[in-house]
Structure formats: structure tokens, C-alpha cells
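Breakdown of the fold
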Amino acid sequence: MSSDHVLLMRRQLAGTLAAPAWPEGVTLQQLGLKPNRKLLQEAHAVLTSGYWEGGGGAPIFRQWWKALSRDDEFDPALFFIAVDKEGVAGLAQCWTSAFVKDLAVAPRMRSRGLGRALMLAAFNAFAQRGAPHVDLKVREDNTPAIALYKSLGMRMIERLRA
Ligand SMILES: CC(C)(COP(=O)(O)OP(=O)(O)OC[C@H]1O[C@@H](n2cnc3c(N)ncnc32)[C@H](O)[C@@H]1OP(=O)(O)O)[C@@H](O)C(=O)NCCC(=O)NCCS
């Protein structure tokens, strides 16, 4: 399978959506208007480790946060950060265009349903905002992520050069 292509995947949001089921001990942290820097740095660290596995590269913290927080499509209410007693366990950062930009779960928390719960939190938020569908891009060799997205009802709508 080629790794220089990404799949654009979509899920319609009409109808009933399941509520997120958070793994035990995990809660969702809302990113306030004055975000907690330590929380953000931990989230960036989880994202960075996930990026290498997902096949991309992440900018250093300061560049990342500056670009993110100034983006027209950024909304702190769409940055879902899951925490437990050890710190950030996973995150989903989404754009206001109903697009899941980044999803990453800390290796210590994988395969416990956290990725699914974060995606469902995003789906429900977009549905409440009246979005007709939610989109994302994933590298076509990222088998675990594609399996998760398909099991959440997402379908490939386009194959694009990365
Ligand atoms: C993809 C990722 C977010 C999944 O997170 P997770 O919390 O482990 O996923 P969940 O526990 O919610 O798994 C839900 C479903 O995903 C699929 N899945 C998750 N891990 C998988 C694996 N290693 N192999 C195959 N399928 C997998 C399965 O369909 C699973 O369903 P099941 O629970 O019935 O078996 C996580 O592996 C990760 O952070 N990867 C690195 C970053 C990345 O690739 N992000 C996506 C970029 S588009």
C-alpha cells in the first residue's frame, strides 16, 4: 500500500449519534479562553509522538500553538483534551469547518476506546452546531486509524496525493 496518499473520509451527522463512553478515570478537559500552558504542552507531546506513527511531522510547541491559536478555523471549544491522573491521555483538535484536524491517543492508553470517545465527542459537537457532515484526512497506510474511522461510520470520499 502506498504511503504517499491520504484518504478524505466523511460521516453524515443526521440522525442519532452515540454519546462518548470515556474509559475509567478519564475526563474531558475544556480548553478555556486562557489555556493552561502545561496542559497544552502535554497535549502537544502526545500529538508529536502520534504524528510519527501516523506518518507526518509536528512543529515545535511554540510554532504549533501560535499557528493553531491564530487560525481562523480554530475554536477552543473544539479542542478535546482527555486527561487522567497521569496527565493528557489523548486529544482531538478540530476546525470549525467540521474537520477533525488531529487525533492522537497516548500509547499507554491505546485500545481502550479513548480514540472512539474523542471522535464521538467531536461528532456530537458538530451535530449541535448544525454541521451536515464531518470530514478528516488520514494516510492510507494508517490501518488502525482507518479501522477506527470506518467503525464510526466514516467512508472514503476521495484519495489524494499527500
Ligand atoms: C488511531 C488511534 C487514535 C486510535 O486510538 P485508540 O484509543 O487506541 O482507539 P480505540 O481504543 O478507541 O479503538 C477503537 C477502534 O479502532 C480500531 N483500532 C484501534 N487500534 C487498532 C489497532 N492497533 N489495529 C487495528 N485496529 C485498531 C479498532 O476498530 C477499534 O475497535 P475495537 O475497540 O472494537 O477493537 C491511536 O492508535 C493513535 O493515537 N495513533 C497514532 C496517531 C494517529 O495515527 N492518529 C490518526 C491520524 S489521522
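Preceding block: the structure.
The following refers to the structure shown. What you are looking at is a predicted structure, and each value in this text was computed from that prediction instead of being measured.

**Some details on the overall build of the protein chain**
- Per the secondary structure count, the protein chain includes 4 helices and 7 strands.
- Ordered by position from the N terminus, the helices and strands of the protein chain form the series β-β-α-α-β-β-β-α-β-α-β.
- Relative to the 2.2 N^0.38 estimate, which gives 15 Å for 162 residues, the radius of gyration of the protein chain is 15 Å and therefore close to what a compact globule would have.
- Overall size of the protein chain, expressed as C-alpha extent along the three principal axes, is 35 × 35 × 35 Å.
- Out of the 162 residues belonging to the protein chain, those deemed buried represent 30%.
- A separation threshold of at least 6 residues defines the contact pool for the protein chain, and within that pool the share at least 24 residues apart is 73%.

**Examining the pairing of strand S7 (residues 155–161)**
- Counted residue by residue, S7 has 0 buried out of 7 residues, so it is predominantly exposed.
- Sheet topology note: the strand S1 (residues 5–12)/S7 ladder contains 6 bridges and is antiparallel. Bridge pairing in S7 links Leu7 to Arg159.

**Looking at the nonpolar core**
- Leu91, Ala92, Leu118 and Ala122 are the most contacted members of the largest nonpolar core, which totals 40 residues.
- Every element with two or more residues in this core is listed here: S1, helix H1 (37–54), strand S3 (79–84), strand S4 (87–95), strand S5 (99–105), helix H3 (114–128), strand S6 (133–139) and helix H4 (143–151).
- Per-element tally for this core: the top contributor is H3, with 8 residues.
- Apart from residues no more than four positions distant in its own chain, Leu118 is found in contact with Phe80, Ala82, Gly90, Leu91, Ala92 and Leu103.

**Regarding H3**
- The terminal C-alpha atoms of H3 lie 21 Å apart, and with 15 residues this matches the ideal 21 Å at 1.5 Å per residue to within 8%.
- Of the residues making up H3, those classed as buried are Leu114, Gly115, Ala117, Leu118, Met119, Leu120, Ala122, Phe123 and Phe126.
- As for H3, its buried residues are in contact with S1, S3, S4, S5, S6 and H4.
- Trailing H3 by a residue or two, Gly130 shows a phi angle of about 85°, which is positive.

Quick notes on the rules
Residues numbered from 1 in each chain as written. Predicted model: local features only at pLDDT ≥ 70, side-chain atom pairs only at ≥ 80, totals over all residues. Helix = DSSP H or I, 4+ residues; strand = E, 2+ residues; numbered from the N terminus. Rg over C-alpha atoms; globule rule 2.2 N^0.38 Å. Buried ≥ 20, exposed ≤ 12 C-beta atoms within 10 Å, placed from the backbone. Contact = placed C-beta atoms within 7 Å. Pairing = 2+ DSSP bridges. Core = buried A, V, L, I, M, F, W, Y, C linked by C-beta atoms within 7 Å. Expected span 1.5 Å × (residues − 1).

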